[in-house]
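# Inside the fold
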Amino acid sequence: FFLMIRRPPRSTQSRSSAASDVYKRQIYEGQKLGNKRHGKGKFIHPDGTFYDGEWKQGLMDGRGKFYYSDGKLCYDGEFKNDQFYGKGVLFNQDATPYQGMLDYSNLESIQDYWIRYEGEFVDGQRQGQGTLYLTNNEKYVGAFNNDNIHGKGQFHRVSGQVINGQWMNNQLTLVYQS
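The residue numbering used here restarts from 1 in each chain and proceeds along that chain's sequence as written. A pLDDT threshold of at least 70 governs which residues receive local features in this predicted model, and a stricter bar of 80 or more applies before side-chain atom pairs are shown or counted, although totals over entire chains, interfaces and linings include all residues. Only hydrogens and water are removed before side-chain values are computed, so all heavy atoms of the structure are retained for them.

A few words on the nonpolar core. The term nonpolar core refers to a set of buried residues drawn from Ala, Val, Leu, Ile, Met, Phe, Trp, Tyr and Cys, joined through side-chain atoms within 4.5 Å. Each residue is assigned to one of three classes by its accessible area relative to the maximum for its type, calculated with a 1.4 Å probe on protein chains only: buried under 20%, partly exposed between the two thresholds, exposed over 50%. Membership of the largest hydrophobic core comes to 28 residues, with the highest contact counts inside it found for Tyr75, Leu90, Ile110, Leu132, Ile149, Phe155 and Trp167. Phe155 has contacts with Leu102, Tyr104, Leu107, Leu134, Glu138, Lys139, Tyr140, Gln161, Val162, Ile163 and Trp167, leaving out every residue within four places of it along the chain. In this description, contact between two residues means that some pair of their heavy atoms is separated by no more than 4.5 Å.

Right, dumping it as structure tokens:
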């Protein structure tokens, strides 16, 4: 239940300082160093998605925002080598409303029932500590690994009940008694 972003195509023109490229409906406006995007800039993909932020040697690197083609924010946070990396917030464009309580023992059932994830990323995947907000007002707060809920965490139910446990690849393996 994660969004992958494409690496923006490289420019075919060589300029330094501020520049603007238009190539096959791809648009880059911003700073360059040699023939590479470097510094602050905005890149618009042919499908309408776009990135606005910091670049390093032609790659999204540093602080930036990635937007869906309808202009809604997709990701706001840190990038490294064209990947979500560090702290950030990821928004689900296709969040599906869910009524009732989700099965916290099998979090594979989340699918598109999440609104946003706030936390740490490594190489484009949720990894480290984070919070996953669900469409039914429940949330998971805890550890993630390789884009899975994995490690110690808390599942907060709509009823106010908090389940303290250990998950492995989205499956609850141990409940801690409060």
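Once the structure has been displayed, the description carries forward.
Moving on, we come to the environment of Asn170. Take Asn170: it is sitting in the loop between β12 (162-168) and β13 (171-175). The spatial distance from the C-alpha of Asn170 to the C-alpha of Asn106 is 6.1 Å, given a sequence separation of 64 residues. Each residue touching Asn170, except ones within four places of it in the same chain, is listed here: Ser105, Asn106, Leu107, Glu108, Asn148 and Ile149. Any pair of nitrogen or oxygen atoms within 3.5 Å is treated as a polar contact; in protein, a donor-acceptor pairing is required on top of that, and neighbouring residues in sequence qualify only through side-chain atoms on both sides. Within the local environment of Asn170, its side chain forms a polar contact with the side chain of Asn148, the two groups lying 2.9 Å apart. The helix count covers DSSP runs of H or I at least four residues long, the strand count covers runs of E at least two residues long, and both are numbered beginning at the N terminus.

This brings us to the pairing of β13. DSSP-based pairing: two strands are paired if at least 2 bridges between them are found. Relative to β13, β12 is paired through four bridges, and the arrangement is antiparallel. Bridging across to β13, Trp167 finds its partner in Leu172. Hairpin connection from β12 to β13: two residues lie between these consecutive antiparallel strands, with Asn169 at a positive phi of about 50 degrees.

A separate point is the packing of aromatic side chains. In summary, the pairing rule links any two rings of Phe, Tyr or Trp, Trp by its six-membered ring, whose centres are within 6.5 Å, and it sorts them by plane angle into stacked for under 30 degrees, edge-to-face for over 60 and tilted for everything else. Throughout the structure, instances matching the rule amount to 16 aromatic pairs. Each ring, one from Tyr51 and one from Phe79, has its centre 4.9 Å from the other, and the planes form 75 degrees; the classification is edge-to-face. Here Tyr51 is found in strand β4 (residues 50-56), whereas its partner Phe79 is found in strand β6 (residues 73-80), with 28 residues between them in sequence. We classify Tyr51 as buried; its relative accessible area is 1%. Owing to a relative accessible area of 3%, Phe79 belongs among the buried residues under this scheme. Taking 6.0 Å as the distance between ring centres and 35 degrees as the angle between the ring planes, the aromatic pair formed by Tyr104 and Phe155 counts as tilted. Taken together, the positions of Tyr104 in the loop between β7 (83-91) and β8 (114-122) and Phe155 in strand β11 (residues 148-156) put the pair 51 residues apart, joining distant regions of the chain. Its relative accessible area of 22% is what places Tyr104 among the partly exposed residues.

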